[in-house]
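Examining the three-dimensional arrangement
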Amino acid sequence: MAATLNRDDRNGALVDRFGRIVRSLRISVTDRCNLRCLYCMPAGPITWFRKERILSFEEIERVARILASLGVREIRLTGGEPLVRRDLTVLARLVSGIAGIEDLAITTNGLLLKELARPLLLAGVRRFNVHIDSLEPDGFAEVSRRDSLDLVLAGLQELERLGAVPIKINIVLLRGLNDGQIPRFVDWAWRRPYQVRFIELMPLGGGEPFETERLVPGSEVRRRVEEIRPLVPVGRDRPSAPANVFRLAGGAGDIGFINPVTEPFCGDCDRIRLTADGKVRTCLFSRTETDIAALLRGGRTDPEIALALRTAIAGKEAGGCLDLHQFYKERLPRKMWQIGG
Ligand code: SAM
Ligand code: SF4
(Lines give C-alpha, C1' and ligand atoms only; values in the text may rest on other atoms or scores of the structure.)
(Ligands and ions follow the chains in the order given, each with its own letter.)
Protein backbone atom coordinates (compact mmCIF):
# COMPACT_ATOMS: atom_id res chain seq x y z
CA MET A 1 0.00 0.00 0.00
CA ALA A 2 2.67 2.49 1.05
CA ALA A 3 4.53 1.93 -2.23
CA THR A 4 1.87 3.84 -4.13
CA LEU A 5 2.04 6.85 -1.81
CA ASN A 6 3.43 10.01 -3.26
CA ARG A 7 4.65 11.79 -0.16
CA ASP A 8 5.26 15.43 -0.86
CA ASP A 9 7.10 18.02 1.15
CA ARG A 10 4.41 20.66 0.63
CA ASN A 11 3.20 20.48 4.24
CA GLY A 12 1.95 16.94 3.76
CA ALA A 13 -0.52 18.08 1.06
CA LEU A 14 -2.66 15.52 -0.74
CA VAL A 15 -0.63 15.13 -3.92
CA ASP A 16 -1.37 12.73 -6.75
CA ARG A 17 1.15 11.03 -9.02
CA PHE A 18 0.92 13.89 -11.51
CA GLY A 19 1.75 16.51 -8.85
CA ARG A 20 -1.79 17.89 -8.60
CA ILE A 21 -2.83 18.88 -5.08
CA VAL A 22 -6.33 17.92 -3.95
CA ARG A 23 -8.09 20.79 -2.17
CA SER A 24 -11.72 20.28 -3.07
CA LEU A 25 -14.20 17.64 -1.89
CA ARG A 26 -17.59 17.02 -3.49
CA ILE A 27 -19.94 15.23 -1.15
CA SER A 28 -22.98 13.52 -2.61
CA VAL A 29 -25.53 13.41 0.19
CA THR A 30 -28.17 11.34 -1.62
CA ASP A 31 -28.77 9.50 -4.88
CA ARG A 32 -32.43 10.58 -4.87
CA CYS A 33 -33.80 13.43 -6.94
CA ASN A 34 -37.06 15.30 -7.52
CA LEU A 35 -36.31 15.76 -11.25
CA ARG A 36 -35.52 13.17 -13.93
CA CYS A 37 -33.30 15.08 -16.38
CA LEU A 38 -33.19 13.22 -19.70
CA TYR A 39 -29.40 13.02 -19.78
CA CYS A 40 -28.91 12.10 -16.13
CA MET A 41 -31.60 9.66 -15.03
CA PRO A 42 -33.84 7.07 -16.68
CA ALA A 43 -37.58 7.75 -16.91
CA GLY A 44 -38.55 4.36 -15.47
CA PRO A 45 -38.17 2.86 -12.00
CA ILE A 46 -34.84 3.40 -10.26
CA THR A 47 -33.23 1.19 -7.64
CA TRP A 48 -32.05 3.63 -4.96
CA PHE A 49 -29.27 2.92 -2.50
CA ARG A 50 -30.64 1.10 0.52
CA LYS A 51 -31.08 3.44 3.48
CA GLU A 52 -28.50 1.66 5.61
CA ARG A 53 -25.87 2.15 2.89
CA ILE A 54 -26.17 5.94 3.01
CA LEU A 55 -23.54 7.66 5.15
CA SER A 56 -24.83 9.37 8.27
CA PHE A 57 -24.02 13.04 8.88
CA GLU A 58 -21.50 12.01 11.54
CA GLU A 59 -19.74 9.68 9.08
CA ILE A 60 -19.63 12.39 6.42
CA GLU A 61 -18.30 14.93 8.91
CA ARG A 62 -15.56 12.52 10.00
CA VAL A 63 -14.31 11.98 6.43
CA ALA A 64 -14.48 15.72 5.73
CA ARG A 65 -12.61 16.52 8.94
CA ILE A 66 -9.83 14.03 8.14
CA LEU A 67 -9.53 15.45 4.61
CA ALA A 68 -9.48 19.01 5.96
CA SER A 69 -6.60 18.03 8.25
CA LEU A 70 -4.77 16.88 5.10
CA GLY A 71 -5.33 20.11 3.17
CA VAL A 72 -8.84 20.05 1.68
CA ARG A 73 -10.21 23.62 1.85
CA GLU A 74 -13.47 23.59 -0.11
CA ILE A 75 -16.55 21.42 0.15
CA ARG A 76 -19.45 21.22 -2.25
CA LEU A 77 -22.65 19.35 -1.38
CA THR A 78 -24.33 17.65 -4.31
CA GLY A 79 -26.28 14.53 -5.29
CA GLY A 80 -28.77 13.37 -6.64
CA GLU A 81 -30.54 16.45 -5.41
CA PRO A 82 -28.88 17.48 -2.14
CA LEU A 83 -31.87 19.50 -0.90
CA VAL A 84 -34.06 16.40 -0.70
CA ARG A 85 -31.81 14.96 2.03
CA ARG A 86 -33.65 15.51 5.31
CA ASP A 87 -32.06 18.04 7.70
CA LEU A 88 -29.40 19.07 5.20
CA THR A 89 -28.86 22.26 7.19
CA VAL A 90 -27.56 20.15 10.08
CA LEU A 91 -24.89 18.68 7.82
CA ALA A 92 -24.09 22.12 6.37
CA ARG A 93 -23.50 23.45 9.87
CA LEU A 94 -21.30 20.46 10.77
CA VAL A 95 -19.02 20.68 7.73
CA SER A 96 -18.85 24.48 7.55
CA GLY A 97 -17.55 24.41 11.13
CA ILE A 98 -14.63 22.08 10.39
CA ALA A 99 -11.25 23.71 11.01
CA GLY A 100 -9.58 24.45 7.68
CA ILE A 101 -12.75 24.49 5.55
CA GLU A 102 -12.85 27.92 3.90
CA ASP A 103 -15.73 27.49 1.49
CA LEU A 104 -18.98 25.52 1.50
CA ALA A 105 -21.06 25.48 -1.69
CA ILE A 106 -24.09 23.57 -2.98
CA THR A 107 -25.03 22.36 -6.45
CA THR A 108 -28.81 22.09 -6.67
CA ASN A 109 -31.69 21.95 -9.12
CA GLY A 110 -33.26 24.73 -7.03
CA LEU A 111 -36.73 23.22 -6.58
CA LEU A 112 -36.55 23.45 -2.77
CA LEU A 113 -34.46 26.61 -2.54
CA LYS A 114 -37.29 28.98 -1.69
CA GLU A 115 -37.70 27.24 1.67
CA LEU A 116 -34.11 26.22 2.24
CA ALA A 117 -31.94 29.09 0.96
CA ARG A 118 -32.11 31.06 4.19
CA PRO A 119 -31.47 28.16 6.63
CA LEU A 120 -28.62 26.94 4.41
CA LEU A 121 -27.02 30.38 4.34
CA LEU A 122 -27.34 30.58 8.12
CA ALA A 123 -25.74 27.14 8.35
CA GLY A 124 -22.63 28.36 6.52
CA VAL A 125 -23.29 27.73 2.82
CA ARG A 126 -21.57 30.54 0.93
CA ARG A 127 -22.26 29.80 -2.70
CA PHE A 128 -25.06 28.25 -4.73
CA ASN A 129 -24.88 26.69 -8.19
CA VAL A 130 -28.37 26.29 -9.58
CA HIS A 131 -29.07 24.02 -12.52
CA ILE A 132 -31.76 25.05 -15.00
CA ASP A 133 -31.90 23.77 -18.57
CA SER A 134 -34.63 25.99 -20.01
CA LEU A 135 -36.36 29.28 -19.21
CA GLU A 136 -39.49 28.20 -20.99
CA PRO A 137 -41.97 26.00 -18.98
CA ASP A 138 -42.57 23.36 -21.68
CA GLY A 139 -38.86 23.13 -22.55
CA PHE A 140 -37.98 22.79 -18.88
CA ALA A 141 -40.55 20.00 -18.46
CA GLU A 142 -39.27 18.26 -21.58
CA VAL A 143 -35.62 18.14 -20.43
CA SER A 144 -36.25 17.67 -16.70
CA ARG A 145 -39.36 15.47 -17.12
CA ARG A 146 -41.12 17.53 -14.42
CA ASP A 147 -43.14 20.75 -14.71
CA SER A 148 -41.19 22.71 -12.10
CA LEU A 149 -39.69 25.82 -13.71
CA ASP A 150 -41.69 28.13 -11.39
CA LEU A 151 -40.14 26.54 -8.30
CA VAL A 152 -36.60 27.07 -9.58
CA LEU A 153 -37.29 30.70 -10.48
CA ALA A 154 -38.81 31.28 -7.02
CA GLY A 155 -35.70 29.76 -5.44
CA LEU A 156 -33.44 32.05 -7.46
CA GLN A 157 -35.50 35.07 -6.49
CA GLU A 158 -35.10 34.08 -2.84
CA LEU A 159 -31.29 33.80 -3.23
CA GLU A 160 -31.21 37.30 -4.75
CA ARG A 161 -33.47 38.65 -2.03
CA LEU A 162 -31.09 37.26 0.58
CA GLY A 163 -28.11 38.79 -1.21
CA ALA A 164 -26.53 35.41 -1.96
CA VAL A 165 -25.02 36.66 -5.21
CA PRO A 166 -23.37 36.11 -7.62
CA ILE A 167 -25.25 32.92 -8.35
CA LYS A 168 -23.84 30.35 -10.75
CA ILE A 169 -26.32 28.85 -13.17
CA ASN A 170 -25.60 25.47 -14.80
CA ILE A 171 -27.14 24.63 -18.19
CA VAL A 172 -26.46 21.42 -20.08
CA LEU A 173 -27.21 22.12 -23.73
CA LEU A 174 -28.74 19.36 -25.85
CA ARG A 175 -28.86 19.88 -29.61
CA GLY A 176 -32.40 20.16 -30.89
CA LEU A 177 -33.87 20.19 -27.39
CA ASN A 178 -32.76 23.29 -25.48
CA ASP A 179 -29.95 24.87 -27.53
CA GLY A 180 -32.57 27.26 -28.94
CA GLN A 181 -32.61 28.79 -25.42
CA ILE A 182 -29.11 30.28 -25.79
CA PRO A 183 -30.43 33.82 -26.59
CA ARG A 184 -32.78 33.76 -23.57
CA PHE A 185 -29.97 32.70 -21.26
CA VAL A 186 -27.68 35.43 -22.66
CA ASP A 187 -30.39 38.02 -22.11
CA TRP A 188 -30.91 36.67 -18.59
CA ALA A 189 -27.18 37.00 -17.77
CA TRP A 190 -27.25 40.51 -19.12
CA ARG A 191 -30.07 41.51 -16.77
CA ARG A 192 -29.41 39.41 -13.66
CA PRO A 193 -26.35 38.96 -11.37
CA TYR A 194 -25.79 35.40 -12.55
CA GLN A 195 -22.80 33.59 -13.96
CA VAL A 196 -24.58 31.60 -16.67
CA ARG A 197 -22.48 28.55 -17.51
CA PHE A 198 -23.05 26.32 -20.51
CA ILE A 199 -21.88 22.75 -19.82
CA GLU A 200 -21.04 20.18 -22.49
CA LEU A 201 -22.96 16.92 -22.29
CA MET A 202 -20.72 14.14 -20.96
CA PRO A 203 -21.14 10.38 -21.49
CA LEU A 204 -22.04 9.58 -17.91
CA GLY A 205 -24.47 6.92 -18.90
CA GLY A 206 -27.45 7.58 -16.65
CA GLY A 207 -30.06 8.80 -19.10
CA GLU A 208 -30.86 8.57 -22.80
CA PRO A 209 -28.03 7.18 -24.98
CA PHE A 210 -27.82 10.36 -27.09
CA GLU A 211 -24.55 11.77 -25.82
CA THR A 212 -22.82 12.10 -29.20
CA GLU A 213 -25.69 13.39 -31.34
CA ARG A 214 -26.98 15.87 -28.73
CA LEU A 215 -23.57 17.35 -27.79
CA VAL A 216 -23.24 21.06 -28.61
CA PRO A 217 -19.49 21.87 -28.57
CA GLY A 218 -18.54 24.83 -26.39
CA SER A 219 -16.83 26.62 -29.29
CA GLU A 220 -20.15 26.63 -31.17
CA VAL A 221 -22.02 27.89 -28.11
CA ARG A 222 -19.49 30.70 -27.72
CA ARG A 223 -19.89 31.68 -31.37
CA ARG A 224 -23.68 31.71 -30.96
CA VAL A 225 -23.40 33.84 -27.80
CA GLU A 226 -21.05 36.30 -29.51
CA GLU A 227 -23.57 36.74 -32.35
CA ILE A 228 -25.86 38.22 -29.66
CA ARG A 229 -23.46 40.19 -27.41
CA PRO A 230 -19.70 40.74 -27.28
CA LEU A 231 -17.77 38.76 -24.67
CA VAL A 232 -14.84 40.14 -22.68
CA PRO A 233 -12.43 37.41 -21.47
CA VAL A 234 -12.06 37.11 -17.70
CA GLY A 235 -10.58 33.60 -17.44
CA ARG A 236 -10.94 31.02 -14.70
CA ASP A 237 -11.71 31.98 -11.07
CA ARG A 238 -8.68 29.84 -10.18
CA PRO A 239 -6.64 27.39 -12.31
CA SER A 240 -8.69 24.38 -11.17
CA ALA A 241 -12.07 26.04 -11.88
CA PRO A 242 -13.95 24.21 -14.65
CA ALA A 243 -15.53 27.34 -16.19
CA ASN A 244 -13.80 29.71 -18.59
CA VAL A 245 -15.56 32.99 -17.82
CA PHE A 246 -16.41 36.02 -19.99
CA ARG A 247 -18.00 39.31 -19.00
CA LEU A 248 -21.01 40.55 -20.92
CA ALA A 249 -20.01 44.16 -21.53
CA GLY A 250 -22.52 46.44 -19.78
CA GLY A 251 -24.44 43.52 -18.29
CA ALA A 252 -25.15 42.42 -14.71
CA GLY A 253 -23.83 38.89 -15.08
CA ASP A 254 -21.21 36.75 -16.81
CA ILE A 255 -21.12 33.85 -19.21
CA GLY A 256 -19.04 30.73 -18.55
CA PHE A 257 -18.18 27.75 -20.71
CA ILE A 258 -17.50 24.34 -19.17
CA ASN A 259 -16.13 22.20 -21.97
CA PRO A 260 -15.03 18.86 -20.48
CA VAL A 261 -15.55 17.02 -23.79
CA THR A 262 -13.83 19.31 -26.30
CA GLU A 263 -11.40 21.11 -23.95
CA PRO A 264 -10.72 18.80 -20.98
CA PHE A 265 -9.40 20.54 -17.87
CA CYS A 266 -8.21 17.38 -16.08
CA GLY A 267 -4.62 18.70 -15.89
CA ASP A 268 -5.65 21.21 -13.23
CA CYS A 269 -8.23 19.09 -11.41
CA ASP A 270 -8.07 19.40 -7.62
CA ARG A 271 -11.26 17.46 -6.82
CA ILE A 272 -12.25 14.18 -5.25
CA ARG A 273 -15.72 12.88 -4.57
CA LEU A 274 -17.41 11.08 -1.69
CA THR A 275 -20.52 9.23 -2.82
CA ALA A 276 -23.69 8.98 -0.74
CA ASP A 277 -22.88 5.31 -0.06
CA GLY A 278 -19.40 6.13 1.20
CA LYS A 279 -17.03 5.49 -1.71
CA VAL A 280 -14.21 7.89 -2.54
CA ARG A 281 -13.78 8.52 -6.26
CA THR A 282 -10.84 10.48 -7.61
CA CYS A 283 -12.51 11.25 -10.97
CA LEU A 284 -16.08 11.44 -12.31
CA PHE A 285 -15.03 8.66 -14.67
CA SER A 286 -13.14 6.51 -12.13
CA ARG A 287 -13.31 2.77 -12.69
CA THR A 288 -12.20 2.07 -9.13
CA GLU A 289 -13.36 3.45 -5.79
CA THR A 290 -12.13 3.33 -2.19
CA ASP A 291 -14.69 1.94 0.21
CA ILE A 292 -14.45 4.46 3.03
CA ALA A 293 -17.81 3.35 4.46
CA ALA A 294 -16.30 -0.06 5.19
CA LEU A 295 -13.39 1.57 7.03
CA LEU A 296 -15.65 3.94 8.98
CA ARG A 297 -17.92 1.09 9.99
CA GLY A 298 -15.07 -1.37 10.56
CA GLY A 299 -13.65 0.49 13.54
CA ARG A 300 -10.63 1.98 11.75
CA THR A 301 -8.83 4.90 13.37
CA ASP A 302 -8.55 8.39 11.84
CA PRO A 303 -4.86 7.81 10.87
CA GLU A 304 -5.84 4.55 9.13
CA ILE A 305 -8.60 6.34 7.20
CA ALA A 306 -6.21 9.20 6.39
CA LEU A 307 -3.75 6.70 4.94
CA ALA A 308 -6.46 5.11 2.79
CA LEU A 309 -7.47 8.56 1.51
CA ARG A 310 -3.87 9.53 0.76
CA THR A 311 -3.34 6.27 -1.10
CA ALA A 312 -6.51 6.76 -3.16
CA ILE A 313 -5.46 10.30 -4.05
CA ALA A 314 -1.91 9.26 -4.93
CA GLY A 315 -3.45 7.03 -7.60
CA LYS A 316 -5.80 9.72 -9.03
CA GLU A 317 -6.16 9.08 -12.77
CA ALA A 318 -4.86 11.51 -15.40
CA GLY A 319 -8.52 12.27 -16.15
CA GLY A 320 -11.53 10.55 -17.67
CA CYS A 321 -12.24 13.43 -20.07
CA LEU A 322 -8.85 12.85 -21.72
CA ASP A 323 -10.08 9.46 -22.88
CA LEU A 324 -13.79 9.89 -23.40
CA HIS A 325 -14.18 7.67 -26.49
CA GLN A 326 -14.25 4.56 -24.26
CA PHE A 327 -17.12 5.96 -22.20
CA TYR A 328 -19.23 6.57 -25.30
CA LYS A 329 -18.90 2.85 -26.12
CA GLU A 330 -19.10 1.41 -22.64
CA ARG A 331 -21.52 2.96 -20.14
CA LEU A 332 -20.16 3.53 -16.64
CA PRO A 333 -21.69 1.17 -14.08
CA ARG A 334 -22.12 4.03 -11.58
CA LYS A 335 -24.24 6.82 -13.00
CA MET A 336 -23.98 10.59 -12.52
CA TRP A 337 -26.74 10.80 -9.90
CA GLN A 338 -25.02 8.00 -7.93
CA ILE A 339 -21.63 9.74 -8.14
CA GLY A 340 -22.38 13.39 -7.41
CA GLY A 341 -22.00 16.04 -10.08
N1 SAM B 1 -29.30 17.76 -8.72
C2 SAM B 1 -28.30 18.77 -8.67
C3 SAM B 1 -28.28 19.56 -9.97
O4 SAM B 1 -28.96 19.16 -10.90
O5 SAM B 1 -27.57 20.57 -10.01
C6 SAM B 1 -26.92 18.26 -8.35
C7 SAM B 1 -26.47 17.01 -9.05
S8 SAM B 1 -26.37 17.12 -10.81
C9 SAM B 1 -25.76 15.53 -11.21
C10 SAM B 1 -25.00 18.25 -11.00
C11 SAM B 1 -24.80 18.82 -12.37
O12 SAM B 1 -24.43 17.78 -13.24
C13 SAM B 1 -26.03 19.49 -12.97
O14 SAM B 1 -25.67 20.78 -13.41
C15 SAM B 1 -26.35 18.62 -14.16
O16 SAM B 1 -26.91 19.36 -15.21
C17 SAM B 1 -24.99 18.06 -14.50
N18 SAM B 1 -25.02 16.82 -15.28
C19 SAM B 1 -25.72 15.69 -15.03
N20 SAM B 1 -25.49 14.76 -15.99
C21 SAM B 1 -24.63 15.32 -16.87
C22 SAM B 1 -24.02 14.88 -18.08
N23 SAM B 1 -24.26 13.67 -18.59
N24 SAM B 1 -23.18 15.73 -18.71
C25 SAM B 1 -22.94 16.97 -18.21
N26 SAM B 1 -23.47 17.44 -17.07
C27 SAM B 1 -24.32 16.64 -16.42
FE1 SF4 C 1 -31.60 15.31 -10.66
FE2 SF4 C 1 -29.53 16.94 -10.99
FE3 SF4 C 1 -29.65 14.57 -12.30
FE4 SF4 C 1 -31.32 16.52 -12.97
S5 SF4 C 1 -29.08 16.57 -13.15
S6 SF4 C 1 -31.87 14.35 -12.62
S7 SF4 C 1 -31.69 17.52 -11.08
S8 SF4 C 1 -29.44 14.84 -10.14
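It should be noted that the structure appears before, not after, this text.
What comes next is a walk through the structure. (Residues numbered from 1 in each chain as written. Chains lettered and ligands numbered in written order. Predicted model: local features only at pLDDT ≥ 70, side-chain atom pairs only at ≥ 80, totals over all residues. Heavy atoms only, no water.)

Here the focus is the site of ligand 2. Every residue near ligand 2 is listed here: Cys33, Leu35, Cys37, Cys40, Met41, Gly80, Asn109 and His131. Grouping the amino acids of the shell around ligand 2 by side-chain chemistry returns five nonpolar, three polar and no charged. (Near = heavy atom within 4 Å. Nonpolar A, V, L, I, M, F, W, Y, C, P; charged D, E, K, R; others polar.)

Here the focus is helix 7 (residues 218-226). Inspection of helix 7 places Gly218, Glu220, Val221 and Val225 among the buried residues, and these make up the whole buried set. One face of helix 7 carries all of its buried residues, which in axial projection span an arc of 160°. In this fold, the buried residues of helix 7 make contact with helix 6 (182-191), strand 6 (194-199), strand 7 (231-235) and strand 9 (254-258). (Buried < 20%, exposed > 50% of the residue type's maximum accessible area, 1.4 Å probe, protein only. Helix = DSSP H or I, 4+ residues; strand = E, 2+ residues; numbered from the N terminus. Arc of directions from axis to C-beta. Contact = heavy atoms within 4.5 Å.)

As a further point, take the layout of surface pockets. Here the largest pocket defines a volume of roughly 350 Å³. What lines the largest pocket is Val29, Thr30, Asp31, Arg32, Phe49, Lys51, Ile54, Phe57, Val84, Arg85 and Arg86. Partitioning the lining of the largest pocket into residue classes produces five nonpolar, one polar and five charged. In this structure, the second largest pocket encloses a volume near 230 Å³. As for the second largest pocket, its lining consists of 15 residues, and the residues nearest its centre are Arg127, Pro166, Lys168, Gln195 and Asp237. Secondary-structure elements contributing two or more residues to the lining of the second largest pocket are strand 4 (127-131) and strand 6. Counting residues per element, the lining of the second largest pocket draws most heavily on strand 4, which supplies three residues. Class assignment for the residues of the lining of the second largest pocket results in five nonpolar, three polar and seven charged. (1 Å grid on protein atoms, 1.4 Å probe; cavity = no way out; pocket = protein on both sides within 12 Å on 5 of 7 lines; lining within 4 Å. Points joined across faces, edges and corners; volume = space filled by probe spheres on them.)

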